[in-house]
Amino acid sequence: MVSIQQTIRFILNDVEVMANVAPGVLALDYLRKEKRLTGTKEGCKEGDCGACTVIVGESRGGNSISYKPETACLLPMGELHGKHLVTVEGLAVDGGLSPVQAAMVDAGGTQCGYCTPGFVVAMTAGLMEPKLPLDREGLLYAISGNLCRCTGYRSIKEAGLKVMDELASQILGQERIAALCEAKALPKYFLNISERLEAIEPLNAPENFSDERALFMGGGTDLYVQRGEEIPEQPVLFLNNRTPVPPAQLKDRRIVVDARMTFEDFADDPLIREQIPDIYDYNLLIASWPVRTRSTLGGNICNASPIADMTCLLLALDVELTLSKSGVERRLPLREFYLGYKQLSKAPDEMVKSISFPILGKNCLTNWEKVSKRAWLDIATVNSALKLTIEGDTIVSAHLALGGVAATPLYLEKASAFLIGKSVSEAVVIELLMIALSEFEPISDVRGSAQYKKLLARQLILAHFDKLFPGTIELEEVYAAL
């Protein structure tokens, strides 16, 4: 059998490394087993607990490096070529504790200690990220992917706020990496990482494999959970190792997005924020910061989970997919993509190349709702999204989607069509609910019974109208009629 090993050249903390490994091997396993950097802990190995959090730096050109937190248990070695991988061992300053580590000691932010390295790395990533405010909101964003079973979090939050308060005056308004090095919050080796990365020759990423075992991978956040033991033994085609992912673009009155775009970049994209002003708030309820830096739109669509949060929103946006195979492209509405549970209108070697949706316009309203067992960092029990276009007080276009109630993400065709030409009123909403709830037979699973899910679907559809048309309908009147 032909070896699938590759030579991956990257910087690990302050040392350049040439790792001869199968590209599908996880960074977590490489760090712990090959480099003996055991500060990166193995916990859930599904991206949920944050014990293995690391920071990955990628050159953006012009001596600029973008640093993001990622969970090493979902990070393949094949994506590290030409990048900077930072573990908790690489954060020591002048041979001693970094300010984040010292704050954790001072606040008593550790008990058993297993989760502590992940929290330290996540807090440091938060300090390095210019978009995050140095306050409670920014701290909670930074540690959104980290779980602790011991402390109750109070002391950990105190540590995070303490270090933010201490460093704010030294780093606000400054280039973050240089300012953190000057404040002795990062080791000095960070200052020359950019030029060291430039010296690493790019890896020639193959466009395809003749090996029928070849696996296409975007973010891999679901693939590693489902097939983590198999992937290191397979040849992997990393879609992210090709051309850089461009920002969303406006073409022919449609928003066009590369399917490789991550959830985090989607929510940060200026054009997407202009079109969906609440996308930042939605994003907070979808996974965690480290997972969102890897999860891709195309992966979420192709994983075909009935409760996929982003897919539910994309259905309501009336997304069209562009699929590609051997250079031949075709287009397909997302609502026609799902044929059954985990069954797609797609050939095995066909890829989702891009997604697009009509511009929303000033008369367009959108809303997305989700119910889960935990408010944060949890998959949905039921989710729903709605997009309406209004002229005067008349609905001229409507798209309603539900997740978690059927074997696939569900576009409510009859309910959407019913709304066209209507004005919002209690009578219209009541009839809409009757039509919507007749379009599916809810399923029972570990997250809820069929009856419970049907109730949640009703409540989430009502929530759309309560939020988008405040004061227009009386919920008690609707409940009484139902």
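The preceding data block contains the structure.
Residues numbered from 1 in each chain as written. Predicted model: local features only at pLDDT ≥ 70, side-chain atom pairs only at ≥ 80, totals over all residues. Heavy atoms only, no water.

(A) Structural detail: helix H17 (residues 450-468). Helix length check: H17 (19 residues) gives 27 Å between terminal C-alpha atoms against 27 Å at 1.5 Å per residue, within 8%. Those residues of H17 that sit buried are Ala450, Lys453, Leu456, Ala457, Arg458, Leu460, Ile461, Leu462, His464, Phe465 and Leu468. Contacts from the buried residues of H17 go to strand S15 (364-371), strand S16 (382-391), strand S17 (394-403), helix H15 (413-419), helix H16 (426-438) and helix H18 (475-481). (Helix = DSSP H or I, 4+ residues; strand = E, 2+ residues; numbered from the N terminus. Expected span 1.5 Å × (residues − 1). Buried < 20%, exposed > 50% of the residue type's maximum accessible area, 1.4 Å probe, protein only. Contact = heavy atoms within 4.5 Å.)

(B) Structural context of the pattern of salt bridges. All chains considered together, the criterion is met by 24 salt bridges. Here Asp309 makes a salt bridge to Lys370, at a shortest N to O gap of 2.8 Å. Residue Asp309 is found in helix H14 (residues 309-316), and its partner Lys370 is found in strand S15; the two are separated by 61 residues along the sequence. Assigned by exposure class, Asp309 and Lys370 land together as buried. Among the salt bridges present, the one from Glu320 reaches Arg331, with a minimum N-O distance of 3.9 Å. Of this pair, Glu320 sits in strand S10 (residues 320-325) while Arg331 sits in strand S11 (residues 328-333), placing them 11 residues apart in sequence. When its relative accessible area of 54% is taken as the criterion, Arg331 is described as exposed. A single salt-bridge network, built from bridges that share partners, covers Lys131, Glu264, Asp268, Arg273 and Arg292. (Salt bridge = Lys/Arg side-chain N within 4 Å of Asp/Glu carboxyl O.)

(C) Representation of the side chain of Asn303 in the model. Among the secondary structure elements, Asn303 is positioned in helix H13 (residues 297-303). Side-chain polar atoms of Asn303 contact the side chain of Gln226, separated by 3.0 Å. Contacts of Asn303, omitting those with residues within four sequence positions, involve Asp222, Gln226 and Lys342. (Polar contact = N/O pair within 3.5 Å; in protein donor to acceptor, adjacent residues only side chain to side chain.)

(D) Quick peek at the sheet that holds strand S18 (residues 410-411). Ordered by their spatial adjacency, four strands build an open sheet running S15-S16-S17-S18, and the pairing between neighbours is antiparallel. Of all the strands in the sheet, just S15 and S18 have a single pairing partner and so form its edges. For S17 and S18, the ladder comprises two bridges, and the chain directions are antiparallel. The residue bridging Leu402 from the neighbouring strand is Leu410, located in S18. Of the strands in this sheet, S15, S16, S17 and S18 are in contact with H14, which crosses S16 at around 20°. In this fold H17 packs onto S15, S16 and S17, with an angle of close to 145° to the strand it touches most, S15. (Pairing = 2+ DSSP bridges. Axes fitted to C-alpha atoms, helices over the stretch in contact; angles between N-to-C directions.)

(E) Layout of unusual backbone geometry. We note that Arg253 has phi near 60°; this positive angle belongs to a residue other than glycine. Tracing the chain through its elements places Arg253 in the loop between strand S8 (249-251) and strand S9 (254-258). Despite not being glycine, Ala304 shows a phi value in the positive range, around 60°. Locating Ala304 in the fold gives a position in the loop between H13 and H14.

(F) Local environment of H16. The first and last C-alpha atoms of H16 sit 19 Å apart over 13 residues, in line with the 18 Å expected at 1.5 Å per residue. Among the residues of H16, those classed as buried are Val428, Val429, Ile430, Leu432, Leu433, Ala436 and Leu437. The inward-facing, buried residues of H16 abut H15, H17 and H18.

(G) How the structure looks around the sheet that holds strand S3 (residues 53-61). Pairing within the open sheet is mixed, and its five strands lie in the order S2-S1-S5-S3-S4. The open sheet has two edge strands, strand S2 (15-21) and strand S4 (64-71), and neither has a second partner. Ignoring which end each strand starts from, the neighbouring axes of this sheet average 35° apart. Two elements, strand S1 (residues 6-12) and S2, share seven bridges in a ladder whose sense is antiparallel. Bridged to Gln6 within S2 is Val21. Seen against the sheet, helix H1 (residues 27-34) touches S1, S2, S3 and strand S5 (84-86) and runs at an angle of roughly 105° to S2. Here helix H3 (residues 116-128) sits on the sheet and contacts S3 and S4; the angle it forms with S3, its principal contact strand, is near 25°.

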